[in-house]
Amino acid sequence: MACRIAVCFAAATIGISCIATDASATCKFKAKKDVIVILDVGHTDKDSGQISARGIKEYDFNMKLAQRVLEELTNTGFISTQMIVTSGPNTHESRLQRSKRANDLGADLFISVHHDGVKNETLMPWQYNGKTHWFLDKFEGFSLWVSQKNNMYEESLRFAKTLADQLMASGLKFTTHHDELTNTAKYGRIAPLVDRGRGIYDASDNIAVLYESHMPAVLFEAGMIVNRAEEQVLSSPARRATVAKAVAEAVERFCAVRVPQT
């Protein structure tokens, strides 16, 4: 709480009204060019996550989308945005290192970029380009994850809501296949929906990059790459551009500088 009071005090000394809250995003008190947004590329070159319906590694999807979001944020004026790309095994220790790097940089916002799938045993075979691949068309859509263990949980949730609103305003919808009330662990991770109207889930402190990061942190599953139709859409520059614009708009709204009071 002391650091939050200090932020408010510093704001007061330069004439900005500050109402004490449980947490306050540091980016609100910075010029746009100084806001440090971290884009964490989910998984690694050696531990690539899900495999798409056409045999493409999730890591490749994550990298392309993160690069496009970086471009959009930079063009919007968030020139201090940085990507975290990790090599080697995707272990708990490597995930802790991602958070440590963001913490050491004094980041204002942490976004971990992923693409979603299901458990291997629920996939079905199909032939594509003369090879057997695996798919499940049952689910589609994005999801957002936050951790109550994050020391800026309320701000993490606020950013997740802002991002969900921008994604849905762009015509995208969220997946419910993680919903503990309507599905089972048959398909994958099951969690409580923190916001049932926006597809925001409680990570139950299982995602280290969320709870070890000292700034608002959200994990973003951009869509279901095991769904054959959605995979094709997610592979397109047009979808990446749509998502990137939504992320940039969400960051803009989340980090809107407070107007000095006269």
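Residues numbered from 1 in each chain as written. Predicted model: local features only at pLDDT ≥ 70, side-chain atom pairs only at ≥ 80, totals over all residues. Heavy atoms only, no water.

### Side note on the sheet that holds strand S3 (residues 109–116)
Piece 1. Taken in spatial order, the seven strands make up an open sheet running S2-S1-S3-S9-S6-S8-S7, and their pairing is mixed. Every other strand in the sheet has two partners, leaving strand S2 (82–86) and strand S7 (193–195) as the edge strands with one partner each. The sheet shows a mean angle of 30° between the axes of neighbouring strands, direction not considered.
Piece 2. Sheet analysis places strand S1 (residues 37–44) next to S2, joined by four bridges and oriented parallel. Paired with Leu39 across the two strands is Met83, which belongs to S2.
Piece 3. In the packing of helix H2 (residues 58–76) onto the sheet, contacts are made with S1, S2, S3 and strand S9 (217–224), and the angle to S1 comes to roughly 170°.
Piece 4. Running over the sheet, helix H7 (residues 237–254) touches S1, S3 and S9 and is turned about 155° from S3. (Pairing = 2+ DSSP bridges. Helix = DSSP H or I, 4+ residues; strand = E, 2+ residues; numbered from the N terminus. Axes fitted to C-alpha atoms, helices over the stretch in contact; angles between N-to-C directions. Contact = heavy atoms within 4.5 Å.)

### Observations concerning the state of the cysteines
Such a bond, covalent and formed between the sulfur atoms of two cysteines, is termed a disulfide.
Piece 1. Under the criterion given, the structure shown has one disulfide.
Piece 2. Each sulfur in the disulfide pair Cys27 and Cys255 lies 2.2 Å from the other. Taking the torsion about the sulfur-sulfur bond, which here is approximately -90°, the covalent link between Cys27 and Cys255 counts as left-handed. With a gap of 228 residues between them, Cys27 in the loop between helix H1 (2–13) and S1 and Cys255 in the segment after H7 connect regions that are remote in the sequence. Across the pair, Cys255 and Cys27 agree in class, each one buried. (Disulfide = S-S within 2.5 Å. Buried < 20%, exposed > 50% of the residue type's maximum accessible area, 1.4 Å probe, protein only.)

### Focus: the pattern of salt bridges
Once their charged atoms are close, side chains differing in charge can pair, the charge on each being opposite to the other.
Piece 1. Applying the stated rule across the entire model yields 14 salt bridges.
Piece 2. Among the salt bridges present, the one from Arg228 reaches Asp137, with a minimum N-O distance of 2.7 Å. Here Arg228, found in helix H6 (residues 228–234), pairs with Asp137, found in the loop between strand S5 (131–135) and strand S6 (143–146); they are 91 residues apart in sequence, far enough to count as distant.
Piece 3. Judged by its relative accessible area of 25%, Arg228 is partly exposed. (Salt bridge = Lys/Arg side-chain N within 4 Å of Asp/Glu carboxyl O.)

### What about the packing of H2 against H7?
Piece 1. Where H2 contacts H7, the two axes come as close as 8 Å, and the packing angle between them is 50°. Here H2 lies oblique to H7, going by the angle between them. Crossing angle aside, the handedness with which H2 passes H7 is right-handed. Residue-level contacts link Lys64, Leu65, Arg68, Val69, Glu72, Leu73 and Thr76 of H2 to Arg240, Ala241, Val243, Ala244, Lys245, Val247, Ala248, Val251 and Glu252 of H7.
Piece 2. Across the contact of H2 with H7, the residue classes tally to nine nonpolar, one polar and six charged. (Parallel < 35°, antiparallel > 145°, perpendicular 65-115°, else oblique. Left-handed = near helix turned anticlockwise from the far one by under 90°. Nonpolar A, V, L, I, M, F, W, Y, C, P; charged D, E, K, R; others polar.)

### Let's talk about the nonpolar core
Note that soluble globular proteins tend to have their nonpolar side chains buried in a common cluster.
Piece 1. By size, the foremost hydrophobic cluster in this structure holds 42 residues, and its most contacted members are Ile111, Leu144, Phe159, Phe220 and Val251.
Piece 2. Going through the elements one at a time, S1, H2, S3, S6, helix H4 (153–169), S9 and H7 are the ones with two or more residues in this core.
Piece 3. A per-element tally of this core places H7 first, with eight residues.
Piece 4. Those residues in contact with Phe220 that lie beyond four places of it in its chain are Leu65, Ile111, Ser112, Val113, His114, Phe142, Ser143, Leu144, Leu163, Leu167 and Val243.
Piece 5. The next biggest cluster of nonpolar side chains, apart from the first, holds 17 residues, and it includes Ala102, Trp145, Leu193 and Val209. (Core = buried A, V, L, I, M, F, W, Y, C linked by side-chain atoms within 4.5 Å.)

### Topic: the layout of surface pockets
Piece 1. Looking at the largest pocket, its volume works out to about 540 Å³.
Piece 2. The wall of the largest pocket is formed by 27 residues, among which His43, His114, Arg189, Leu219 and Glu221 lie closest to the centre.
Piece 3. If you list the elements that add at least two residues to the lining of the largest pocket, you get S1, helix H3 (92–104), S3, helix H5 (208–211) and S9.
Piece 4. Looking at which element gives the most residues to the lining of the largest pocket, the answer is S3, with four residues.
Piece 5. Among the residues making up the lining of the largest pocket, the classes are represented as seven nonpolar, twelve polar and eight charged. (1 Å grid on protein atoms, 1.4 Å probe; cavity = no way out; pocket = protein on both sides within 12 Å on 5 of 7 lines; lining within 4 Å. Points joined across faces, edges and corners; volume = space filled by probe spheres on them.)

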